[in-house]
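Coordinate inspection notes
What follows is each chain in one-letter form.
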Amino acid sequence: MTNKPLLSVFKGETPKRTPVWLMRQAGRYLPEYRAVREQAGGFLNLCYTPEFAVEVTLQPIRRFGFDAAILFSDILVVPDALGQQVGFVEGEGPKLDPLDCGSDIAKLSVDWLRSRLEPVYDAVGQIRQALPEETTFIGFAGAPWTVATYMVEGGSSRDFLNTKAWMYRDPDTFQALVDIIVEGTIEHLTAQIEAGVDMVQIFDTWGGILPEPAFARWVIEPTAKIVSALKQKFPETPIVGFPRGAGVSYITYVQQTGVDGVSLDQAVPLKWAAENLQDKVVVQGNLDPQRLYVGGDGLKQDVNRILTELGNGPFIFNLGHGVMKETDPDNVAALVRAVHQGS
Ligand code: CP3
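1. Structural notes on the layout of surface pockets
- As a volume, the largest pocket reaches approximately 1,500 Å³.
- R24, R28, D74, H321 and V323 are, among the 43 residues lining the largest pocket, the residues nearest its centre.
- If you list the elements that add at least two residues to the lining of the largest pocket, you get α2 (31-40), β2 (86-89), β3 (93-96), α8 (144-153) and α14 (289-294).
- Grouping the amino acids of the lining of the largest pocket by side-chain chemistry returns 20 nonpolar, 14 polar and nine charged.
- The calculated volume of the second largest pocket comes to roughly 250 Å³.
- If you trace the second largest pocket, you find 18 residues lining it, with T14, P15, T18, G311 and G313 closest to the centre.
- Here the residues of the lining of the second largest pocket are counted per class, giving six nonpolar, nine polar and three charged.

Dropping the structure here:
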């Protein structure tokens, strides 16, 4: 038994109100986040200073009463802790010294990951203590494919040319890179669960750009390895996958990775999801973040459309991707009200 409504969905229970949380629910759209961010200086300093990470994780819980808190951190702390230094440049996003086929993957190692990320696990312990009893606590990591794109491109990318060229030209060395990220990710999620998160989410933001055989090898296989390793140690901890943009391949992803839930991007048709996914796992999603940005009656209509189509099976309300930094916090408050009233 659990008194956390969101967590109870994974036990086959139907809470009185549909649970809701949002990807990127902490962040720049909140003035209180911007204030702490300024105090912290760099973005990574925010992630690596427990006092700051705890505070910004709790901000959206206090303001909106979400059913879950997600640890404030980033998927790129894993490459950073594997030994590929990560920086965040104001207004530009993440910057890494790009890896290429010739570069020595051997300089990466999971050996120092736990000690490098100790402040993150400290923050997890403190957040656990501070959260209301009914609030589910979510840990996360990037999926190996998505993390690899940042490590190879050296940051965000439009066409992923270097990553895909490496993957097609030299799958064996690319496999070695993915394997080490798998290992680091298992370690990182294990440490978060040991420190007190109730559930974990694996973000595969760029999972949807691969043809079928590549999707099987670089999205499904590594994710299945992570799920299987975690299930051996923590059979009770739900794992949610987010293979953004995977389309019909959401079905094979669910069947072959062993996840307990999937997060749907906004392009996934609801009836299709109810028929093809919700009979197998918990589904989460999928309001368009731009709909939240615009707000008003259209927002309420869309919330009700999603609740109607997905509310009859195991369901957690979320966005199809993260909250945009331009979003008015009042629209987020209206969204939480609409979900709780409409369900
Ligand atoms: O959801 C949450 O509230 C928890 C925190 C969280 C962040 N990043 C904080 C963040 C989570 C779960 C992430 C995941 C993440 N990070 C993903 C996967 C999910 C997705 O959004 O697609 C990816 C691809 C990243 C990598 C990343 N981090 C990029 C590309 C950027 C720059 C783009 C941007 O929005 O600025 C970041 C920075 C980042 N991570 C910010 C936040 C709040 C903004 C940094 C700032 O305050 O300056």
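2. Quick word on the sheet that holds strand β5 (residues 199-204)
- In spatial order, the strands read β1-β4-β5-β6-β7-β8-β9; together these seven strands make up an open sheet with parallel pairing. Unpaired on one side and paired on the other, β1 (68-70) and β9 (315-319) mark the two borders of the sheet. Here the strands of the sheet are splayed against their neighbours by 25 degrees on average, with no regard to which way each runs.
- Sheet strands touched by helix α10 (residues 171-195): β4 (136-142) and β5. Its angle to β4, the strand with the most contacts, is close to 165 degrees.
- This element, helix α15 (residues 296-310), spans β8 (282-287) and β9 of the sheet and lies at about 160 degrees to β8.

3. Overview of the nonpolar core
- Judged by nonpolar contacts, the single largest core of 125 residues is most densely connected at F174, L177, V262, F317 and L335.
- Considering each element in turn, this core owes the most residues, 10 residues, to α10.
- Discounting residues that sit within four places of it in the chain, L177 has contacts with L99, I105, L108, A148, M151, V152 and W166.

4. A short note on the site of the ligand
- Taken together, 23 residues lie near the ligand, and R24, R28, Y33, D74 and H321 sit nearest.
- Measuring from an oxygen atom of the ligand, one finds a backbone N or O atom of R24 at 2.6 Å.
- In the model, an oxygen atom of the ligand is placed 2.7 Å from a nitrogen or oxygen of the R28 side chain.
- Coverage of the ligand by the protein amounts to 89% of the 870 Å² it exposes when considered alone.
- The cavity that encloses the ligand is the largest pocket.

5. Concerning helix α4 (residues 50-64)
- With 15 residues, α4 extends 22 Å from end C-alpha to end C-alpha; this agrees with the ideal 21 Å at 1.5 Å per step.
- At L58, α4 shows its largest kink, close to 30 degrees, and the proline P60 lies no more than four residues downstream.
- Of all 15 residues making up α4, 11 are buried, and the element is well covered by its neighbours.
- Those residues of α4 that sit buried are P50, F52, A53, V54, V56, T57, L58, Q59, P60, I61 and F64.
- Of the surrounding secondary structure, the elements contacted by the buried residues of α4 are α2, α3 (43-48), β1, α7 (118-130) and α16 (329-342).
- A positive backbone phi angle near 65 degrees is found at G65, which sits one or two residues after α4.

6. Section: the pairing of β5
- For β5, the tally of buried residues reaches six of six residues, placing the bulk of the element in the interior.
- Here β5 shows no split at all, with M199, Q201 and F203 on one side and V200, I202 and D204 on the other all buried.
- Where β4 meets β5, five bridges bridge the pair, whose relative direction is parallel. Looking at β5, one finds that F140 is bridged to Q201.
- Bridge analysis of β5 against strand β6 (residues 239-243) gives five bridges, and the strand direction is parallel. Pairing of D204 across the sheet is with P243, part of β6.
- After leaving β5, the chain enters helix α11 (residues 212-233) and then returns to the sheet as β6, a path that is right-handed.

7. Notes on the side chain of T135
- Following the sequence through the fold, T135 ends up in the loop between α7 and β4.
- Setting aside its immediate chain neighbours within four residues, T135 contacts K4, I61, F66, D67, A68, A69, R128 and D198.

8. With respect to the environment of L287
- Relative to the elements of secondary structure, L287 occurs in strand β8.
- When the C-alpha positions of L287 and W112 are compared, they lie 39 Å apart, and in sequence the two are 175 residues distant.
- In contact with L287, not counting residues within four places along its chain, are Q266, L292, L299, D302, V303, I306, F317, N318, L319, G320 and L335.

Criteria and cut-off values
- Residues numbered from 1 in each chain as written.
- Predicted model: local features only at pLDDT ≥ 70, side-chain atom pairs only at ≥ 80, totals over all residues.
- Heavy atoms only, no water.
- 1 Å grid on protein atoms, 1.4 Å probe; cavity = no way out; pocket = protein on both sides within 12 Å on 5 of 7 lines; lining within 4 Å.
- Points joined across faces, edges and corners; volume = space filled by probe spheres on them.
- Helix = DSSP H or I, 4+ residues; strand = E, 2+ residues; numbered from the N terminus.
- Nonpolar A, V, L, I, M, F, W, Y, C, P; charged D, E, K, R; others polar.
- Pairing = 2+ DSSP bridges.
- Axes fitted to C-alpha atoms, helices over the stretch in contact; angles between N-to-C directions.
- Contact = heavy atoms within 4.5 Å.
- Core = buried A, V, L, I, M, F, W, Y, C linked by side-chain atoms within 4.5 Å.
- Buried < 20%, exposed > 50% of the residue type's maximum accessible area, 1.4 Å probe, protein only.
- Near = heavy atom within 4 Å.
- Polar contact = N/O pair within 3.5 Å; in protein donor to acceptor, adjacent residues only side chain to side chain.
- Areas by Shrake-Rupley, 256 points an atom, 1.4 Å probe, with all protein chains shown as cover.
- Sits in = over half its atoms within 2 Å of the grid points.
- Expected span 1.5 Å × (residues − 1).
- Bend = angle between axes of the 7 residues up to and from the residue.
- Right-handed = clockwise from strand over helix to strand, strands pointing away.

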